[in-house]
Amino acid sequence: MLAYWKTNQRRLAPWVFLAPGMFMFAVYVIIPIFQSMWISFYDWDGLGEAVWIGTENYVELADDDAFYTSLYNNVIWLAMYLLAVPAGLLIAIFLNQTVWGIRVYKSLFFFPFVISQVVVGLMFAWFYAPNFGLFYKLTEIVFGTGTAVLADERFVTYGIIVAGLWPQIAYVMILYLTGLNNVAPDQVEAARLDGAKGWRMLWYVILPQLRPATFIAVVVTVIGALRSFDLVSIMTGGGPYGTSRVLSYYMYEQALSEYGYRMGYGAAIAVVLFGIMMIFISGFIWKMWRDETER
Amino acid sequence: MVHSKTGALAAVAVLLLSGSAFAQTRTLTYNADYDPIPLAAMEALIADFEAANPDIDVVLNNFDHEGYKTAIRNFLTTDAPDLANWYAGNRMAPFVNAGQFIDVSDVWEANGLGDALGSAKASMTIDGKQWGVPYTYYQWGIYYNRDVYKQVGVEVPTTWDGFIENCAKFKEAGIDCLTTGTSALWPGAGIFDYINMRTNGYEFHMELTAGKVAWTDDRVKATFAQWAKLAEPGYITANHAAIDWQDAAALLVQGKAANYVMGNFAVGVFKEGGMTNDTLGFMVFPEITPGIPRAEEAPTDTIHIPAGAKNVDDAKKFLAFVASADAQTKWNTAVGQLPTNKNSTVPADDPFLVAGFETLSTAYALAQFFDRDAPAEMAKAGMEGFQEFMVKPERLPEILDRLEKVRGQVYK
């Protein structure tokens, strides 16, 4: 035994170190994924007998308007949320200068990311609130009649996304700021000697060097958009009449909320959401794998 | 002694403590979801119970009201207390059907509760057995701002047509005739329940919530036609979908709205906002179809014994105590709600309680509230439909088709 360890120590040691993490990952991530898939084939209220109904939950899902509303909103979230990447880059470049007190400005810009999403949601809910909200008053002055963003099915999802973008832009900004620290000064110098400036400098010299930061920014933003839940829950609860639901919130509603007793149906939604996320995650993993092996 | 702690850890600590300090006493754990005033009232009640039964120590674990609704599903299956708060009607059906609550018909039998709690008996009964004990309910109706009525110069209506006519005048004066705040959905259901019960009667309302009638039925459409008289001309507060019921209460207090279909628990909020018995009025929802017996909403709060209870004997003793006329008088007087025991009394100096007691005791029948009478999924879909209808009355056909589809899935 000891001899075996001695001879294979180098091969085994990594696994020993990985074991606790892998164990946790298996128990809290991998196994629950398969459990969710398993539950999605049952009709179960979480208390009583679970009844095997095969793919019935998925059949119902395919004919569920609320599901398509959620899916559509998720697409809007994904598209709009990606605005955080260019916006974050813009602010990062703007803040990447040496002025007296720049650290204070940077931390002020980073501030929204530090406060809890729940607080962000509440603040924006008050901002939009009919009768007394700042935004409502503003629209009242400009258009004559106030617009209650969170009561209007046309604007509600966008209203929530704007609230989500605020901290997300700050997050992306920080990623780019650290990236900008690593931009090679000699290359910038060389480009400058060659007469590059402005957009050309940004596009051909700075941005290529920021590729790792861009990659991470896109990954966290895409995943952040798909798992958006807390803001929807705090600001509207999916309303008005379910028009601001997203998949993760719909899953929660069906399986775990006050009016939801359908574990199987909730699990089916979760599986679909997982499938959508897997498309992106596999893309990211594939890219990382490629980068690693090319090196 | 009474222990009131939030959180399971605290409860465990208290349990251990009381276990060693009172080796002779039996512990009765009670999970509840009281707000501060009801909590104080229940603690006083528990103190009385313990004084009468010195060998029982009641440990009250109080939860946050909203969090409790999720927590109960966990603790019933994992670490069941001896007593748990819940609601009557269809709301308790999932737990009863899953065998999570025990049958307490014997408590009803032994204490003559079938008579004393007669008005609430039907809503506590599933399969001919009683599954818990009600300790309070409250009336719903229309609360109105008397000053606004005076300002516009209209009389308090006695008929539905009169109510609608008033609305036109309120609208002219820039006042919302009927306010509500549906961001949490349920306040809208109160309006539906009343219009439906007044248009089609209690039996039809119960058949509808029990899934026996189609949502596309002409009688349902008749209900919505009455509702449209409020929704289409814009007599209901705009943007109600984005405001809480408390925000809508503020509109009534500020004189920006005239009427509010609400439960009696809102009186506290109105009064905090500065209204008094002179400016706040209460009226029974007016008759729509003449001759239909008057049914009312009276959501009932209840206490149950979970199947996993360890101390069932003492739990039953406690249920009998809570059901008694004296205990209910004491608790409900402190909280400002109505006792379910008909031998209890209500304080004569609270006009809203007196009116409520009068309203409910003369009612033909009592409904629990849409989200307690209908199963959870139907309730959710229904309340969303009501909210959408009030915003976009022209979408009624689509809304009813959708509700009918949900009905097909929920009641199998």
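Anything mentioned here points back to the structure above.
Residues numbered from 1 in each chain as written. Chains lettered and ligands numbered in written order. Predicted model: local features only at pLDDT ≥ 70, side-chain atom pairs only at ≥ 80, totals over all residues.

## Focus: the overall build of chain A
Counting its secondary structure elements, chain A contains 14 helices and two strands. For chain A, the C-alpha radius of gyration of 24 Å lies well beyond 19 Å, the compact-globule estimate for 295 residues. Its C-alpha atoms give chain A principal-axis dimensions of roughly 85 × 75 × 30 Å. In chain A, buried positions account for 35% of the 295 residues. When contacts within chain A are restricted to residue pairs at least 6 apart in sequence, long-range pairs at least 24 apart make up 65% of them. (Helix = DSSP H or I, 4+ residues; strand = E, 2+ residues; numbered from the N terminus. Rg over C-alpha atoms; globule rule 2.2 N^0.38 Å. Buried ≥ 20, exposed ≤ 12 C-beta atoms within 10 Å, placed from the backbone. Contact = placed C-beta atoms within 7 Å.)

## As for the sheet that holds strand 10 (residues 257–263) of chain B
Residue and element names in this part refer to chain B. Read across the sheet, four strands follow the order 9-10-8-11 without closing on themselves; strand pairing throughout is mixed. Taken across any chain shown, the strands that pair with only one partner, and hence form the sheet edges, are strand 9 (176–179) and strand 11 (280–283). This sheet shows a mean twist of 25° between the axes of neighbouring strands, independent of strand direction. Of the strand pairs in this sheet, strand 8 (residues 140–145) and strand 11 are connected by four bridges, and their pairing is antiparallel. Bridge pairing links Ile 142 to Met 283 in strand 11. (Pairing = 2+ DSSP bridges. Axes fitted to C-alpha atoms, helices over the stretch in contact; angles between N-to-C directions.)

## As for the nonpolar core
Residue and element names in this part refer to chain A. The biggest cluster of nonpolar side chains holds 188 residues, and the ones touching the most others in it are Tyr 176 and Ile 269. In terms of residue count, helix 8 (residues 156–181) provides more of this core than any other element does, 13 residues in total. In this structure Ile 269 touches Leu 61, Leu 247, Tyr 250, Met 251 and Gln 254, once residues within four positions along its chain are discounted. (Core = buried A, V, L, I, M, F, W, Y, C linked by C-beta atoms within 7 Å.)

## Remarks on the interface of chain B and chain A
Contact with chain B, which involves 25 residues of that partner, is made by 21 residues of chain A. Taken together, the elements giving at least two residues each to the side of chain B that touches chain A come down to helix 3 (65–77), helix 4 (93–97), helix 19 (376–391) and helix 20 (396–410) of chain B. A class-by-class count of the residues in the side of chain B that touches chain A yields 10 nonpolar, eight polar and seven charged. (Nonpolar A, V, L, I, M, F, W, Y, C, P; charged D, E, K, R; others polar.)

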